[in-house]
Amino acid sequence: EVTPCPGVLSSEGPQNPPVLSGCAIIVRGQPRGGPPPERQINLSNIRAGNLARRAAASQPDSKDTPDEPWGFPAREFLRKKLIGKEVCFTVEYKTPQGREYGMVYLGKDTSGENIAESLVAEGLASRREGIRANNPEQSRLAELEEQARSAKKGMWSEGTGSHTVRDLKYSLENPRHFVDSLHQKPVNAIIEHVRDGSVVRALLLPDYYLVTVMLSGIKCPTFKREADAEVPEPFAAEAKFFTESRLLQRDVQIVLESCHNQNILGTILHPNGNITELLLKEGFARCVDWSIAVYTRGADKLRAAERFAKERKLRIWRDYVAPTANLDQKDKQFVAKVMQVLNADAIVVKLNSGDYKTIHLSSIRPPRLEGDSAQDKNRKLRPLYDIPYMFEAREFLRKKLIGKKVNVSVDYIRPASSATDTVPAFSERTCATVSIGGINIAEALVSKGLATVLRYRQDDDQRSAHYDELLAAEARAIKNGKGLHSKKEVPIHRVADISGDTQKAKQFLPFLQRAGRSEAVVEYVFSGSRLKLFLPKETCLITFLLAGIECPRGARNAPGLAQEGEPFSEEATLFTKELVMQREVEVEVESMDKAGNFIGWLHIEGVNLSVALVEQALSRVHFTAERSPYCKALLAAQDAAKQRKEKVWSHYEETPVEEVVPVLEEKERTTNYKPVFVTEITDDLHFYVQDVETGAQLEKLMENMRAEVGAHPPVEGAFVPRRGDFCIAKFVDGEWYRARVEKVESGGKVHIFYIDYGNKETLPPTRLAPLPPAFSPRVLPPQATEYSFAFIQVPQDEEARADAVDSVVRDIQNTQCLLNVEHLGPGCPHVTLQFADSKSDVGLGLVKEGLVMVEPRKERQFQKVITEYLNAQEAAKSARLNLWRYGDFRADDADEFGYSR
């Protein structure tokens, strides 16, 4: 029976290296629909030396058997001549045990080289004893043996042949040391056995180490032992045959890359290719994370080969569904503009369609609080500043990405998960690789030690397409002690949040006013004109309102009161967000309101945001802009927007200027404006001013008083406060000021009034001391004088009154104005105030804005000014500003709103 097949020398089991001698081969037919069956053929009439055999582990008394002389050269002669070649054979007889003996010829038929004869001719095998030369084949063998003997070939040479016996080493003392000593230089080897597609037994040359080599970076299906039988996983047999038919008993080179227990991780190089990549490409193996890191020939090639098989659903991937299989190509890969960085592992991007989308960086975890950190229980956690390295990570992303176009390649969609006891609920997440200028941002973040890499189950495919690069970057960061992996002190960010803290804001205001333009980062956009800023030099957070404009108000959802937003409020917010969110800007702080918000101008790359909003017809110019250096630009922008009749000006009609009929005055109104400095505005719209002319005296008195207090510090607790007493009080800035005790409470709280500034405070007695006589009000009278606005009614409604107060605080607190007393009133004189520079009337401005109503007075001398006020009120009413936004409410429900006509 003659079967053409690749002849392959084989072995019996995982622990036994091949023991088939130089006179036995294993042949296989051509593969048809799976691995073909094997068949062992023993060469008739000849004998070659046996190969070494390792002692069986199950028999403690047995010993290793060495090679017989000339056994290994015979095996090698056969191996080099036959492996992978086509042969034909004839079976001459079969023993009762099933062993087959026959003749083997190289080639398709019996005219080829007779292998037994070649072995005998080379002196590598001898005729079997006791066989007579009674046929032509036997005679031929006897003749060839005699020639070899005469020529002293092989076993017939002089000596014992001990030099042909290998010194086999079945195990390594120190595998790690052995691998390291080779420095990844390729080692010549012969593959002696294939356990499964990715595990082989190799004979390393020239020192005859017999080692198990696992292919780095991959794993094939294996044979599991179950009840004394080996059960193959799907495709295990096919994978094993794939490797066997290419590598078994071939000459190869192996790069030893690492070791795992007694096994060595390596890559087998054969002239025809790299088996590791081939197995992956054919769908016989999958990549494994734990060993792919040691693969020296480019993990990306392995992932690409695996991807190739997955896409074609080859073999082990026959049921594979890609994580992004149900996404359109345009949703898998796209270019988008980064609008915001969320903490340290996600970004908000703007798509070409104009939609916003949140993208999470694949396979990374941002910095997080480890264990029971010493978190102050009374203080709310601020992740950005309180989690170590979170701020550095966010800043790295912000500086690299904000406003830039990036390439997004979606790796997987992480489905929504419901909350458990330990983990909060998560909505669906789109996880992607984001790159800019060819740089993978997640990899850059990890390599700086500002994020860590997630670990996955081996069969979990929901991961970054560049997972190996992320692992390598993390290994570098750990090795170099970067960021989270550093042994140094953790950076601490002490950031003061001043937003909404009136006291702190008051202290801080002069500092910011003097600073001129300050650098800031926009942390959040509440509305078109209200932002949260981080000031890096001052390491504090402030709320910032844009000066000079009135922006449509957004919707308010206060408990029990849901207020709709004004038209175009959302557009204004979006415009501001797109222009400045998380960008570096410059701000000029001018003033602050009652709630501790700072008011001023914001510039981004030379653009004034107030002007930009007016240009876009998303805001109107506020009358307070009249005295700013940006007034012209704002008015020009507003005029252009009015002409276009867009957005807030879409219903704009030019109103003809009405002639005001002059009223003859019987008694002249006296105007004698004097310069004053406004120091305080009260909640009922009264205000305190200092006379500018006596300002120098006050400064001198304060200087001398503080020098005296410094020289003779007061004894704490020595002063017992009584109502009406003058004293000195220590303000939040740490300085002493003249004050008067207004009320003493039982709990030790003292209400005081600062007589030179008009503000009030509640202090413990320890912050008070007696007023030295040299500085008493007799020497210099109290410098703060109380006034209220003439010709206007203060709204009774609390919210409306707060709006008016805020506006006044913003415009005139801590500024110099001109004051004219118009008439006396209960409690304090009623006056008109003018801005020092533009000379425009502050009270009239409030009427124009619809923040207050006019108080119509009957005196003849005031008729001209009252008429001007009433005209302004009518204009505010037509424009439905503030108080008038729901029309003229005074007719039917004035009482409900607390107004009287």
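Residues numbered from 1 in each chain as written. Predicted model: local features only at pLDDT ≥ 70, side-chain atom pairs only at ≥ 80, totals over all residues. Heavy atoms only, no water.

As a reminder, the rule being used: UniProt positions are given in the numbering used here, feature names are shortened, and annotations may be inferred rather than shown by experiment.
As annotated in an unreviewed UniProt entry, the protein chain carries the name Staphylococcal nuclease domain-containing protein and comes from Catharus ustulatus. UniProt's Function (unreviewed entry) comment on the protein chain is quoted here verbatim: "Endonuclease that mediates miRNA decay of both protein-free and AGO2-loaded miRNAs." As stated in UniProt under Catalytic activity (unreviewed entry), the record for the protein chain gives "Endonucleolytic cleavage to nucleoside 3'-phosphates and 3'-phosphooligonucleotide end-products."

Some words on the overall build of the protein chain
What counts here: Put simply, DSSP H or I for four residues or longer makes a helix, DSSP E for two residues or longer makes a strand, and each gets a number counted from the N terminus. C-alpha atoms define the radius of gyration, and 2.2 Å times the number of residues to the power 0.38 defines the globule rule. Categorising residues by exposure relies on relative accessible area from a 1.4 Å probe, with only protein chains included: less than 20% of the type maximum marks a residue as buried, more than 50% marks it as exposed, and the intermediate range marks it as partly exposed.
Tallying secondary structure elements over the protein chain gives 22 helices and 48 strands in all. The C-alpha radius of gyration computed for the protein chain amounts to 47 Å, which surpasses the reference 29 Å derived for 901 residues by more than 25%, pointing to a less compact arrangement than a globule. With the principal axes as the frame, the protein chain shows a C-alpha extent of 160 × 70 × 45 Å. When the 901 residues of the protein chain are sorted by exposure, 47% land in the buried category.

Digging into the environment of tyrosine 652
In plain terms, the rule: The contact criterion used throughout is that any non-hydrogen atoms of two residues lie within 4.5 Å.
One can find tyrosine 652 in the loop between helix H17 (631-644) and strand S37 (674-681). Note on tyrosine 652: relative accessible area 22%, which makes it partly exposed. Measuring from C-alpha to C-alpha, the distance between tyrosine 652 and aspartate 639 comes to 11 Å, with 13 residues separating the pair along the chain. Look past the residues within four positions of tyrosine 652 in its chain and what remains in contact with it is Lys642 and Lys645.

Observations regarding the UniProt feature "domain: TNase-like" (unreviewed entry) in the protein chain
Residues annotated by UniProt as "domain: TNase-like" (unreviewed entry) correspond here to residues 19-158, 185-319, 332-487 and 516-651. As annotated, residues 185-319 comprises 27% helix and 41% strand, and the C-alpha atoms at either end are separated by 39 Å.

Topic: the pairing of strand S34 (residues 598-604)
What counts is decided by this rule: Only when DSSP finds a minimum of two bridges between them are two strands counted as paired.
Within S34, seven of the seven residues are buried, which leaves it mostly tucked inside the rest of the structure. Where strand S29 (residues 540-546) lies against S34, three bridges are found, and the strand directions are parallel. For phenylalanine 544, the partnering residue across the bridge sits in S34 and is phenylalanine 598. For strand S33 (residues 584-592) and S34, the ladder comprises six bridges, and the chain directions are antiparallel. By the bridge assignment, valine 589 is partnered in S34 with glycine 600.

Focus: the sheet that holds strand S41 (residues 750-754)
Note the following rule: Angles here are taken between N-to-C directions and fall from 0 to 180 degrees, while the axes themselves are lines fitted to C-alpha atoms, restricted in helices to the stretch in contact.
Pairing in this open sheet of five strands is antiparallel, and the strands run S42-S41-S40-S39-S43 from one edge to the other. In this open sheet, the two edge strands, each paired with only one partner strand, are strand S42 (760-763) and strand S43 (768-770). When the angles between neighbouring strand axes are averaged without regard to direction, this sheet yields 45°. Alignment of strand S39 (residues 726-730) against S43, held across three bridges, turns out to be antiparallel. Considered in S43, the bridge of isoleucine 728 is made with alanine 769.

Structural notes on the packing of aromatic side chains
Each aromatic ring pair is characterised by the separation of its centres together with the angle its planes make. Put simply, the test is: Aromatic contacts are taken between Phe, Tyr and Trp rings whose centres are within 6.5 Å, Trp giving its six-membered ring; a plane angle under 30 degrees counts as stacked, one over 60 as edge-to-face, and the others as tilted. Put simply, a charge is over a ring when the Lys NZ or the Arg CZ is close to the ring centre, within 6 Å, and near the line of the ring normal, within 35 degrees.
All told, the structure shown has 22 aromatic pairs when counted by the stated rule. Plain terms: the ring middles of phenylalanine 508 and phenylalanine 511 are 5.5 Å apart, the flat faces sit at 40° to each other, and that makes the pair tilted. Note that phenylalanine 508 and phenylalanine 511 are positioned in helix H14 (residues 502-515) at a spacing of three residues, about one turn of the helix. Judged by its relative accessible area of 15%, phenylalanine 508 is buried. What makes phenylalanine 511 partly exposed here is its relative accessible area of 41%. The residue whose ring lies beneath lysine 281 is phenylalanine 308, and the NZ or CZ to ring-centre distance is 4.9 Å. A cation over an aromatic ring shows up here: lysine 877 above the ring of tryptophan 884, its NZ or CZ 5.2 Å from the ring centre.

Quick look at helix H21 (residues 863-878)
The periodicity of an α-helix, 3.6 residues per turn, causes residues three or four places apart in sequence to face the same way. As a reminder, the rule being used: By definition here, a helix of n residues has an expected span of 1.5 Å times n minus one. The arc in question is traced by the directions running from the helix axis to the C-beta atoms.
Here H21 contains 16 residues, and its C-alpha end-to-end distance of 22 Å stays within 8% of the 22 Å for a straight helix at 1.5 Å per residue. Turning to H21, its buried residues number three or more, namely Val865, Ile866, Tyr869, Ala872, Gln873, Ala876 and Lys877. Angular distribution of buried residues about the axis of H21 spans 140°; they occupy a single face of the element. Turned more than 90 degrees away from the buried face of H21, the exposed residues are Lys864 and Ser878. Positive phi shows up at arginine 880, right after H21, with a value of about 55°.

Looking at the nonpolar core
To keep things clear, this is the line we draw: Only buried Ala, Val, Leu, Ile, Met, Phe, Trp, Tyr and Cys residues count toward a nonpolar core, and they belong to the same one when joined by side-chain atoms within 4.5 Å.
Counting 48 residues, the largest nonpolar core has Ile347, Ile359, Ile364, Leu401 and Leu445 as the members making the most contacts within it. Excluding residues that lie within four positions of it along the chain, isoleucine 347 makes contacts with Val338, Gln340, Val341, Leu342, Lys357, Thr358, Ile359, Leu401 and Val434. By size, the runner-up hydrophobic cluster in this structure holds 41 residues, among which are Ala520, Ala572, Phe598 and Val614.

Topic: a positive patch on the surface
Test applied: Like charges within 9 Å and nonpolar side chains (Val, Leu, Ile, Met, Phe, Trp, Tyr) within 5 Å are joined into patches, using only residues over 30% in relative accessible area that form no salt bridge. The protein chains shown are the only cover counted for residues, whose accessible areas, like all others here, come from Shrake-Rupley with a 1.4 Å probe. Every case where a carboxyl oxygen of Asp or Glu lies within 4 Å of a side-chain nitrogen of Lys or Arg is listed as a salt bridge. As used throughout, the charge tally considers Lys and Arg to be positive and Asp and Glu to be negative, leaving His and the chain termini uncounted. One atom stands in for each charge, and that atom is NZ of Lys, CZ of Arg, CG of Asp or CD of Glu.
A contiguous patch of positive charge on the surface is contributed by Lys400, Lys404, Lys448 and Lys482. With respect to the element layout, lysine 400 can be found in helix H11 (residues 390-401).

Concerning the sheet that holds strand S47 (residues 830-835)
Taken in spatial order, the five strands close into a barrel running S37-S38-S44-S47-S46, and their pairing is mixed. The mean angle between the axes of side-by-side strands here comes to 60°, regardless of whether they run parallel or antiparallel. In terms of strand pairing, S37 meets strand S46 (residues 816-823) through four bridges, oriented antiparallel. Bridge pairing links phenylalanine 677 to glutamine 816 in S46.

Considering the pairing of strand S23 (residues 429-436)
Of all eight residues in S23, eight are buried, a share of seventy percent or more. By the alternation rule, side chains of S23 split into Arg429, Cys431, Thr433 and Ser435 and Thr430, Ala432, Val434 and Ile436, which are all buried. Bridge analysis of strand S20 (residues 356-361) against S23 gives two bridges, and the strand direction is parallel. When the bridges of S23 are listed, histidine 360 appears paired with cysteine 431. Bridge analysis of strand S22 (residues 405-414) against S23 gives seven bridges, and the strand direction is antiparallel. Bridging from a neighbouring strand, valine 408 pairs with valine 434 of S23. Two strands pair when backbone bridges link them, and S23 and strand S24 (residues 439-440) are joined in this way by two bridges, in the antiparallel orientation. Within S24, the position partnered with isoleucine 436 by the bridge is isoleucine 439. The antiparallel hairpin formed by S23 and S24 contains two residues in its connecting segment, where glycine 437 sits at a positive phi of about 60°.

Digging into the confidence of the model for the protein chain
Heads up, the rule is: The quantity called pLDDT is the predictor's confidence in a given residue, expressed from 0 to 100.
In the predicted model, the protein chain carries a mean pLDDT of 84, and 92% of its residues have values of at least 70. Note on residues 1-19: pLDDT is under 50 here. Beyond four places in sequence and across chains, it has 71 contacts. Within the model, pLDDT remains below 50 along residues 892-901, and this stretch shows 16 contacts once partners closer than five positions in the same chain are excluded.

Structural notes on unusual backbone geometry
Along the chain, leucine 205 connects to proline 206 via a cis peptide bond; the corresponding omega equals 5°. Within the chain, tryptophan 70 stands out as a residue other than glycine whose phi angle is a positive 65°. Tracing the sequence through the fold places tryptophan 70 in the loop between strand S4 (46-47) and helix H1 (71-82). In this structure, phenylalanine 568 takes a positive phi of about 70° despite not being glycine. With respect to the element layout, phenylalanine 568 can be found in the loop between strand S32 (561-563) and helix H15 (569-580). The exposure class assigned to phenylalanine 568 is partly exposed, which follows from its relative accessible area of 26%.

As for the UniProt feature "domain: Tudor" (unreviewed entry) in the protein chain
The UniProt feature table records "domain: Tudor" (unreviewed entry) at residues 720-778. Taken end to end, residues 720-778 is 0% helix and 44% strand, and its first and last C-alpha atoms sit 22 Å apart.

As for the pattern of salt bridges
Any two side chains of opposite charge can pair, on the condition that their charged atoms come close. A complete count under the given rule lists 43 salt bridges for this structure. In this structure, lysine 224 engages glutamate 233 in a salt bridge whose closest nitrogen and oxygen atoms are separated by 2.6 Å. Arginine 553 is the partner of aspartate 803 in a salt bridge, and the nearest nitrogen-oxygen pair spans 3.1 Å. Placement of aspartate 803 in helix H19 (residues 798-812) and of arginine 553 in the loop between strand S30 (549-550) and strand S31 (556-558) is noted, with a sequence separation of 250 residues between them. By sharing partners, the salt bridges in this structure join Arg75, Glu76, Arg79, Glu192 and Asp251 into a single network.

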